[in-house]
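One letter stands for each residue in the lines below.
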Amino acid sequence: EADIYQTPRYLVIGTGKKITLECSQTMGHDKMYWYQQDPGMELHLIHYSYGVNSTEKGDLSSESTVSRIRTEHFPLTLESARPSHTSQYLCASSGNRAPYEQYFGPGTRLTVT
Amino acid sequence: KNQVEQSPQSLIILEGKNCTLQCNYTVSPFSNLRWYKQDTGRGPVSLTIMTFSENTKSNGRYTATLDADTKQSSLHITASQLSDSASYICVVSDNNNDMRFGAGTRLTVKP
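Residues numbered from 1 in each chain as written. Chains lettered and ligands numbered in written order. Predicted model: local features only at pLDDT ≥ 70, side-chain atom pairs only at ≥ 80, totals over all residues. Heavy atoms only, no water.

## Some remarks on the overall build of chain B
Reasoning step 1: Helices and strands together make up the secondary structure of chain B, namely zero helices and eleven strands.
Reasoning step 2: Written out in order from the N terminus, the α and β elements of chain B read β-β-β-β-β-β-β-β-β-β-β.
Reasoning step 3: Expected size for 111 residues packed as a compact globule is a radius of gyration near 13 Å; at 13 Å, chain B falls within 12% of this value.
Reasoning step 4: Taken over the C-alpha atoms alone, chain B extends approximately 40 × 25 × 20 Å along its principal axes. (Helix = DSSP H or I, 4+ residues; strand = E, 2+ residues; numbered from the N terminus. Rg over C-alpha atoms; globule rule 2.2 N^0.38 Å.)

So, in structure tokens, the structure goes:
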């Protein structure tokens, strides 16, 4: 069982609100990732980080932002939530050596009304 | 077009039966291929990971095969159980460790 945590697990929020999805891992992994997944669809990478103060955008354009001030913490923020942001958000981290096994958190199911 | 294609999209089998899921990819240069199991509403959990030189790898009742020449992989599940009901995702990484995800196969095991 991987030590990677996400909170909240479920969030229902109104349009225009600012939200932060939390992700933390206790494995000392340098690399962390955020994915967005709609029901029945594949995961899409929206952000990743190779270490403290490193953040990059992924393949899928997202209005969210991330920060990496501490190794273990990789929060994702939406300044103004919209219904189009409704989705499942999965955080992951990967080991520091090949084959860079990736471990996923349980996900946050976000619904914007 | 997705660089990782999985089939079938969904599958229903009876408990105790075997099944095989397919993954075809075009990712190049190839580094490794992983199979994940994702329960509904949960994050994916790794089942197997195979590099170029590995043809088969087992994890309990799960056996993955890899043919790097034809760029195909399969996941065989033996003696299925109700708890095997989940989505199974194929992920292929290139030499830059960029990962490409398949859309998954949704497996339902019925009693």
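## Describing the pairing of strand 6 (residues 56-59) of chain B
All names here are of chain B.
Reasoning step 1: In this structure, strand 6 lies alongside strand 7 (residues 62-67), joined through four bridges in antiparallel fashion. Looking across to strand 7, one finds that Asn-59 is bridged to Tyr-62.
Reasoning step 2: Following strand 6, the chain reverses through two residues before pairing antiparallel with strand 7; Gly-60 in that reversal takes a positive phi of roughly 65°. (Pairing = 2+ DSSP bridges.)

## Let's talk about the side chain of His-47 of chain A
All names here are of chain A.
Reasoning step 1: As for its placement among the helices and strands, His-47 is situated in strand 5 (residues 44-51).
Reasoning step 2: By relative accessible area, His-47 is classed as buried at 2%.
Reasoning step 3: Within the structure, His-47 has its side chain in polar contact with the side chain of Ser-64 (distance 2.9 Å).
Reasoning step 4: The contact partners of His-47, leaving out residues within four places of it in the chain, are Met-32, Tyr-33, Trp-34, Glu-56, Lys-57, Gly-58, Ser-62, Ser-64, Thr-65, Val-66, Phe-74 and Leu-76. (Buried < 20%, exposed > 50% of the residue type's maximum accessible area, 1.4 Å probe, protein only. Polar contact = N/O pair within 3.5 Å; in protein donor to acceptor, adjacent residues only side chain to side chain. Contact = heavy atoms within 4.5 Å.)

## A short note on the environment of Arg-68 of chain A
All names here are of chain A.
Reasoning step 1: Along the chain, Arg-68 falls in the loop between strand 7 (65-66) and strand 8 (76-78).
Reasoning step 2: Take Arg-68: its relative accessible area is 2%, and that puts it in the buried class.
Reasoning step 3: Arg-68 sits 18 residues away from Tyr-50 along the chain, and the two C-alpha atoms are 9.3 Å apart.
Reasoning step 4: Side chain to side chain, Arg-68 and Ser-49 meet in a polar contact 2.7 Å long.

## A short note on the state of the cysteines
Reasoning step 1: Throughout the structure, instances matching the rule amount to two disulfides over all chains.
Reasoning step 2: Residue pairing for Cys-23 of chain A: its cysteine sulfur links by disulfide to Cys-91 of chain A, the two sulfurs lying 1.9 Å apart. Disulfide Cys-23 of chain A-Cys-91 of chain A: the torsion about the S-S bond is -75°, which places it as left-handed. A residue pair is termed long-range when its members are at least 10 positions apart, and Cys-23 of chain A in strand 3 (residues 19-25) and Cys-91 of chain A in strand 9 (residues 87-94) qualify at 68 residues.
Reasoning step 3: The thiol sulfur of Cys-19 of chain B is not disulfide-bonded, and the nearest other cysteine sulfur, from Cys-90 of chain B, lies at 15 Å. (Disulfide = S-S within 2.5 Å.)

## Some points on the interface of chain A and chain B
When the parts of a complex come together, some accessible area is lost, and that lost area is often taken as the interface size.
Reasoning step 1: Listed as interface residues are 19 residues of chain A and, on the opposing side, 18 residues of chain B.
Reasoning step 2: Here chain A and chain B share an interface that buries about 1,500 Å² over both sides, 46% of which is from carbon and sulfur atoms.
Reasoning step 3: Put simply, chain A and chain B have two salt bridges between them.
Reasoning step 4: A salt bridge links Asp-59 of chain A to Arg-100 of chain B; the nearest nitrogen and oxygen atoms lie 3.1 Å apart.
Reasoning step 5: Inspection of the chain A/chain B interface yields five residue pairs in polar contact (both at pLDDT 80 or more).
Reasoning step 6: The biggest single contributor to the side of chain A that touches chain B is strand 4 (residues 31-37) of chain A, with four residues.
Reasoning step 7: A breakdown of the residues in the side of chain A that touches chain B according to their chemical character gives nine nonpolar, five polar and five charged. (Buried area = accessible area lost by both parts, 1.4 Å probe. Salt bridge = Lys/Arg side-chain N within 4 Å of Asp/Glu carboxyl O. Nonpolar A, V, L, I, M, F, W, Y, C, P; charged D, E, K, R; others polar.)

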